[in-house]
Amino acid sequence: AMATAGPRSFSAAEVRARCAQGACLVSCRRRLYDLSGFVRLHPGGEQLLRRRAGTDVSAALDGPPHRHSENARRWLEQYYVGDIEPGDEQVPPRGRTGTGGTRAVGGAGGHTASAGCLRCWHYNPRLLPQDLVDWQKPLLWQVGYLGEKYDEWVHQPVDRPIRLFHSDFLEFLSKTAWYVVFLVWTPVVLYLSWVSYTSLAQGNTRLFSSFTTEYSIPVHKYYFPFIFLLGMILWSLLEYLIHRFVFHMKPPASNYYLITLHFLLHGQHHKSPFDSSRLVFPPVPASLVIGFFYGVLRLLLPEVLGLSVFVGGLCGYVIYDMMHYYLHYGSPKKGTYLYGLKAYHVKHHFEHQKSGSFGISTRFWDYPFRTLIPEETFKKED
């Protein structure tokens, strides 16, 4: 039998040379990872990884400032390229170092850590169960057969694109670029806002007119901004409720169709959170859902009032979709609101998929529903 080739070995000098050329190589003990294609997506920002290029990040994985989850460590294994040559590696001791919790690969003055002083992730192929499906074929019709293995499998993210359908046409309809949502729905928001305002300006819209004419309340055109804002607030609540109770339902392991539906609605996004073509809602299926909610508002409210609330909600949806894409692909400045929101959302994907962080464009609704992810705390070391 032919012997299989082992992992390639890299000298410390070769690692330093590649990093000098712009690559982002890091090590965890002797295992070497090429994060060059991931730096823009890193939740902590690109510069944080760039500063650690050529270093051992074993201690940094445990934090502070952030303790990386098992999914994050599993994610790291996708970028494994080989091992550091024996004698060249330097594993930082537990705790902070002068370079922010890292030590240069091949650097002088380090001490090799004992086996128990780090909680560095050890690669285990059984913890990467992407072979449960055939990635060369559409996944949508396969996932239902995973049964009781589906829930664990779908919440172990991978960095690879997903194909759902055999049909090229259906596949096309299931994917979209982020800017398409903005280009399609922004003109609709602007036009319907104008229609709502001019209709209210005619002075014919009154609340409760179907019950009583004597005590009905006129709705003036000056109320439009407040009605619009109400629609946005209602959308933010709807966003939370759909995300928590529909997208994060746990389908019965014995029900092929509910598993398939879950994967179509949201499971695909958790399996491949950085598939750029599946981060926003494609316009064709979105139009069906949007039409449904418009119909509900038409039944509950006077025509112009319902339209005013609807257009505010539609604007909220567009902002949500744009923000969701940015939280995955943007690089907000550290300390800003969006930086915190990005870190919060990434925790939802890698550590708290089922228990919290269901707000996306805002964390507001996580507070009253008690699904807010607690801040991490670290014990001070002696």
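Since the model is a prediction, treat every value here as computed from it, not as a measurement.

K.L.:
Is there a simple way to explain the packing of aromatic side chains in this structure?
P.N.:
Each aromatic ring pair is summarised here by two numbers: the centre-to-centre distance and the angle between the ring planes. Going through the model one piece at a time under the given rule, you end up with 26 aromatic pairs. Each ring, one from Phe38 and one from Phe274, has its centre 6.3 Å from the other, and the planes form 85°; the classification is edge-to-face. Taken together, the residues Phe38 in the loop between strand 3 (31-34) and helix 2 (46-51) and Phe274 in the loop between helix 9 (256-271) and helix 10 (283-300) connect sequence positions 236 residues apart. Take Phe38: its relative accessible area is 9%, and that puts it in the buried class. Residue Phe274 is classed as buried on the basis of its relative accessible area, which comes to 8%. Judged by centre distance (5.8 Å) and plane angle (80°), the ring pair of Trp235 and Tyr317 falls under edge-to-face. Here the residue Trp235 occupies a position in helix 8 (residues 224-247), and Tyr317 occupies one in helix 11 (residues 303-329), the gap between them amounting to 82 residues. Residue classification places Trp235 among the buried residues on the basis of a relative accessible area of 15%.

K.L.:
How should the UniProt feature "binding site: Zn(2+) 1" (unreviewed entry) in the protein be read in this particular structure?
P.N.:
As annotated in UniProt, the feature "binding site: Zn(2+) 1" (unreviewed entry) corresponds to His243, His248, His266, His269, His270, His324, His328 and His348 in the numbering used here. Looking at where His270 falls in the secondary structure, it is placed in helix 9. Beyond its immediate chain neighbours, meaning those up to four positions away, His270 contacts Val154, His155, Pro157, His248, His348, His349 and Gln353. Sequence-distant contacts of His324, that is, excluding residues within four places in its chain, are made with His269, Leu279, His345 and Ile360. There is a polar contact of 3.1 Å between the side chain of His324 and the side chain of His269.

K.L.:
Any chance you could explain the pairing of strand 2 (residues 25-28) here in plain terms?
P.N.:
The side chains of a regular strand alternate, residue by residue, between the two faces of the sheet. Burial along strand 2 is two-sided: Leu25 and Ser27 facing one way and Val26 and Cys28 facing the other are all buried. Pairing geometry for strand 2 and strand 3, over four bridges, is antiparallel. What sits directly across from Val26, in strand 3, is Tyr33. Between strand 2 and strand 3, which pair antiparallel one after the other, the connecting turn spans two residues, and Arg29 there sits at a positive phi close to 55°.

K.L.:
How should I be thinking about the pattern of salt bridges in this particular structure?
P.N.:
When the charged atoms of two side chains lie near each other, side chains of opposite charge can form a pair. Going through the model one piece at a time under the given rule, you end up with nine salt bridges. Note that Glu14 and Arg18 form a salt bridge whose closest N and O atoms lie 3.4 Å from each other. Note that Glu14 and Arg18 are positioned in helix 1 (residues 12-20) at a spacing of four residues, about one turn of the helix. Overlapping salt bridges, with partners in common, bring together Arg8, Glu14 and Arg18 in one network.

K.L.:
Just to check I follow, could you spell out unusual backbone geometry for this structure?
P.N.:
Where the residue is not glycine, phi is negative for most of them; where a peptide bond is considered, it is trans in most cases. Look at Arg370: it is not a glycine, yet its phi comes out positive at around 60°. Residue position: Arg370 is located in the segment after helix 12 (337-350). On the basis of relative accessibility, which here comes to 78%, the residue Arg370 falls in the exposed class.

K.L.:
Explain the confidence of the model for the protein to me, please; I cannot follow it from the model alone.
P.N.:
Detailed reading of the predicted model is not advised wherever pLDDT is low. Scored by pLDDT, the protein comes out at a mean of 82, with 82% of its residues at no less than 70. Taken element by element, the protein is modelled with least confidence in strand 6 (residues 103-104), mean pLDDT 50, and with most confidence in helix 9, mean pLDDT 96. Taken together, the stretch residues 91-103 has pLDDT below 50 and engages in 40 contacts with residues farther than four places along the chain or on a different chain. Of the regions scoring below 50 in pLDDT, residues 106-130 engages in 47 contacts with residues more than four places distant in sequence or in other chains.

K.L.:
Before we go on, may I ask you to explain the nonpolar core in this structure?
P.N.:
Most often, soluble globular proteins have nonpolar side chains that are buried together. If you look at the biggest cluster of nonpolar residues, it comprises 53 residues, and the most contacted ones within it are Leu35, Trp185 and Tyr317. If you list the elements that add at least two residues to this core, you get strand 2, helix 3 (58-62), helix 4 (70-76), helix 7 (178-201), helix 8, helix 10, helix 11 and helix 12. The greatest single-element share of this core, amounting to 16 residues, is contributed by helix 11. When residues of this core are assigned to domains, at least three map to each of domain 1 (9-84) and domain 2 (168-366).

K.L.:
How do you make sense of the packing of helix 7 against helix 11 when you look at a structure like this?
P.N.:
For any two helices packed against each other, the geometry comes down to the angle between their axes and how far apart the axes lie. For the pair helix 7 and helix 11, interaxial distance at closest approach is 9 Å and the crossing angle is 160°. Judged on the interaxial angle alone, helix 11 and helix 7 are roughly antiparallel. Handedness of the crossing formed by helix 7 with helix 11: left-handed. Classifying every residue of the contact of helix 7 with helix 11 gives 19 nonpolar, five polar and one charged.

K.L.:
I would appreciate a short explanation of the pairing of strand 5 (residues 80-84) in the present structure.
P.N.:
Pairing of strand 1 (residues 9-10) with strand 5 involves two bridges; the strand directions are parallel. Residue pairing for strand 5: Phe10 is matched across the bridge by Ile84. As judged from the three bridges shared by strand 3 and strand 5, these two strands associate in the antiparallel manner. Considered in strand 5, the bridge of Leu32 is made with Gly82.

K.L.:
Would you mind showing me how to read the packing of helix 8 against helix 9 here?
P.N.:
Relative orientation of the contacting elements helix 8 and helix 9 amounts to 140°, with a least axis distance of 10 Å. With respect to each other, helix 8 and helix 9 are oriented oblique. Helix-helix and strand crossings are classified by hand; for helix 8 and helix 9 the assignment is left-handed. Every residue of helix 9 that contacts helix 8 at His243, Val246 and Phe247 is listed here: His262, Leu265 and His266. For the contact of helix 8 with helix 9, the per-class residue count stands at three nonpolar, three polar and no charged.

The rules behind the values
As a convention, each chain's residues are numbered from 1 in the sequence order in which they are written. Whole-chain, interface and lining totals are the exception, using all residues; otherwise, since this is a predicted model, local features are given only for residues with pLDDT of at least 70 and side-chain atom pairs are given and counted only at 80 or more. Excluded from the side-chain calculations are hydrogens and water; all other atoms, namely the structure's heavy atoms, are used. Under the pairing criterion, centres of Phe, Tyr and Trp rings, with the six-membered ring standing for Trp, must be within 6.5 Å; the plane angle then separates stacked pairs below 30 degrees from edge-to-face pairs above 60, leaving the rest tilted. Each helix is a run of DSSP H or I of at least 4 residues and each strand a run of E of at least 2, with the numbering of both proceeding from the N terminus. For every residue, the accessible area (1.4 Å probe, protein chains only) is compared with the maximum for its type, and the residue is labelled buried under 20%, exposed over 50%, or partly exposed between those bounds. UniProt positions are given in the numbering used here, feature names are shortened, and annotations may be inferred rather than shown by experiment. Contact definition: two residues touch when any of their heavy atoms are within 4.5 Å. Under the rule applied, a polar contact is a pair of N or O atoms within 3.5 Å (in protein, one hydrogen donor and one hydrogen acceptor; residues adjacent in sequence only if both atoms are side-chain atoms). Whether two strands pair comes down to DSSP finding at least two bridges between them. Criterion for a salt bridge: a side-chain nitrogen of Lys or Arg within 4 Å of a carboxyl oxygen of Asp or Glu. pLDDT is a per-residue confidence score from the predictor, ranging from 0 to 100. Residues enter a nonpolar core if they are buried and are Ala, Val, Leu, Ile, Met, Phe, Trp, Tyr or Cys, with the set joined through side-chain atoms within 4.5 Å. Boundaries between domains were set according to an automatic or database domain assignment. In this description, a line fitted to the C-alpha atoms serves as the axis of each element, helices being fitted only across the stretch in contact, and the angle between N-to-C directions of two axes falls anywhere from 0 to 180 degrees. Just so you know how the angles are binned, under 35 degrees is roughly parallel, over 145 roughly antiparallel, 65 to 115 roughly perpendicular, and the rest oblique. Each crossing is labelled by how the near helix is turned from the far one, with a counterclockwise turn of less than a right angle marking it left-handed and a clockwise turn marking it right-handed. Residue type decides the class: Asp, Glu, Lys and Arg count as charged, Ala, Val, Leu, Ile, Met, Phe, Trp, Tyr, Cys and Pro as nonpolar, and the leftover types, Gly among them, as polar.

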